[in-house]
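This is what each chain is made of:
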Amino acid sequence: MKNLLFSTVVLVVLVCFCSEFGFVSSVNATTKTPTTATAAPTVADTCGAHNGSCDKCLAFPGAKCYYCNTNKVCALYPAKEILPTKYCALSEARWGVCFLNFEALIISMGVIAGILLIGFALCIYCCCCRSRSNRAKLDKEERNYAKKKAERQVKRGQKKADRKAKNDEIRRKYGLMPDDEGSYRKFEETA
């Protein structure tokens, strides 16, 4: 069961990763619309129209543009490359927000991802590994409880037998035992 759950999580993460980076197309081939005769501006042209302003460049929908502070150029993010180091230094490149350079963004995302992975690993450890030791601990406590309960029942039986013996001895002493010959009998008048 745990292996199935783990496999499912890995599969979902892999599918999300593949669809995010374009390895798997999420658009069905039958739903593509035919191209029209009027040429729409490309994303690269739209990014280039925002040169000189970081806020306008990064406000473009879909986060397809990045801004280089050194030459004040807004350009299409090179999706085939992971980092745009060929076009702009990482300390001068801005993507997503203007106040955070690409270098700091990569470091902060790495730290956040590391914290999430450690948290996920701790959750798995607590749920899977520690539950075994908790089960063993609970089983041990249950055995101890059953053992003490059996001991209490034995002691209770001994005390009950001792009380019965003591009461029988007192009844015998005073002749109250039903099978005793010296017991009291009702006198019947004979006429």
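Residues numbered from 1 in each chain as written. Predicted model: local features only at pLDDT ≥ 70, side-chain atom pairs only at ≥ 80, totals over all residues. Heavy atoms only, no water.

Per an unreviewed UniProt entry, the protein chain goes by the name PTTG1IP and belongs to Patiria miniata.

Caption draft 1: Geometry of unusual backbone geometry. The residue K72 is not glycine, and still its phi comes out positive at about 55 degrees. Within the element layout of this structure, K72 appears in the loop between β1 (65-68) and β2 (73-76). (Helix = DSSP H or I, 4+ residues; strand = E, 2+ residues; numbered from the N terminus.)

Caption draft 2: The arrangement of the sheet that holds β2 in detail. Taken in spatial order, the three strands line up as β2-β1-β3 in an open sheet, and their pairing is antiparallel. Each of the sheet's edge strands pairs with one partner strand only, and the pair in question is β2 and β3 (93-94). Of the pairings in the sheet, the one linking β1 to β2 comprises four bridges and is antiparallel in character. Residue pairing for β2: C68 is matched across the bridge by V73. (Pairing = 2+ DSSP bridges.)

Caption draft 3: How the structure looks around the nonpolar core. Of all hydrophobic cores here, the largest spans eight residues; its members are C47, C54, C57, L58, F60, C65, Y67 and C74. Elements that contribute at least two residues to this core include exactly α3 (54-58) and β1. A per-element tally of this core places α3 first, with three residues. Setting aside residues up to four positions removed in sequence, C54 forms contacts with Y67, R94 and C98. (Core = buried A, V, L, I, M, F, W, Y, C linked by side-chain atoms within 4.5 Å. Buried < 20%, exposed > 50% of the residue type's maximum accessible area, 1.4 Å probe, protein only. Contact = heavy atoms within 4.5 Å.)

Caption draft 4: Quick look at the state of the cysteines. Under the criterion given, the structure shown has three disulfides. Two residues share a disulfide in this structure: C54 and C98, whose sulfurs sit 2.1 Å from each other. Note on the C54 and C98 pair: the S-S dihedral is about -115 degrees, so by sign convention the disulfide is left-handed. Residue C54 is found in helix α3, and its partner C98 is found in the loop between β3 and α4 (102-173); the two are separated by 44 residues along the sequence. For C98, a relative accessible area of 22% gives the class partly exposed. For C68, the disulfide goes to C88, at an S-S distance of 2.0 Å. Measuring handedness by torsion sign, the sulfur bridge of C68 and C88 sits at about 80 degrees and is right-handed. With C68 in strand β1 and C88 in the loop between β2 and β3, this pair connects stretches of sequence that are 20 residues apart. (Disulfide = S-S within 2.5 Å.)

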